Amino acid sequence: MIFHNPAGAPELACEQCGCRWFDRINDTCYECGTKVSAESIAEFKLAVEHFRARETVRADEPRAAGTPTVR
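Residues numbered from 1 in each chain as written. Predicted model: local features only at pLDDT ≥ 70, side-chain atom pairs only at ≥ 80, totals over all residues. Heavy atoms only, no water.

A few words on the side chain of Asp 23. Within the secondary structure, Asp 23 sits in strand S3 (residues 22-23). This buried residue, Asp 23, is left without a salt bridge; Arg 24 holds the nearest opposite charge, at 8.3 Å. A polar contact is formed between the side chain of Asp 23 and the backbone nitrogen of Ile 25, at a distance of 3.0 Å. Separated by 2.8 Å, the side chains of Asp 23 and Asn 26 make a polar contact. Once residues within four sequence positions are removed from consideration, Asp 23 is found in contact with Thr 28 and Tyr 30. (Helix = DSSP H or I, 4+ residues; strand = E, 2+ residues; numbered from the N terminus. Buried < 20%, exposed > 50% of the residue type's maximum accessible area, 1.4 Å probe, protein only. Lys, Arg positive; Asp, Glu negative; His and termini not counted. Salt bridge = Lys/Arg side-chain N within 4 Å of Asp/Glu carboxyl O. Polar contact = N/O pair within 3.5 Å; in protein donor to acceptor, adjacent residues only side chain to side chain. Contact = heavy atoms within 4.5 Å.)

Inspection of the secondary structure assignment puts Asn 26 in the loop between S3 and strand S4 (28-29). Residue Asn 26 is classed as partly exposed on the basis of its relative accessible area of 43%. Separated by 10 residues in sequence, Asn 26 and Val 36 place their C-alpha atoms 8.9 Å apart.

Before going further, it helps to spend a moment on the confidence of the model for the protein chain. Chain-level pLDDT for the protein chain is 86 on average; 80% of the residues reach the 70-or-more range. Of all the helices and strands in the protein chain, helix H1 (residues 38-60) carries the lowest mean pLDDT, 88, while S4 carries the highest, 95. (pLDDT = per-residue confidence, 0-100.)

One finds Leu 12, Cys 14, Cys 19, Phe 22, Cys 29 and Val 36 forming the largest nonpolar core, which totals six residues. Cys 19 has contacts with Leu 12, Ala 13, Cys 14, Cys 29 and Glu 31, leaving out every residue within four places of it along the chain. (Core = buried A, V, L, I, M, F, W, Y, C linked by side-chain atoms within 4.5 Å.)

As structure tokens, this is what we get:
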């Protein structure tokens, strides 16, 4: 399950319990122990790539003079 945090970045959550904390060595949820599927990992990596591409485009856009960018 992928959701987007307030900054717009994708975050991976457990399909079973919704927890966002994973043991990245074993690819399991810390809360319930469910194995993260290869499909979920691939979907998350794709979402991160799209987010990075979108952020790169935003960084390249000219800003109006005197308008600060908040990040």
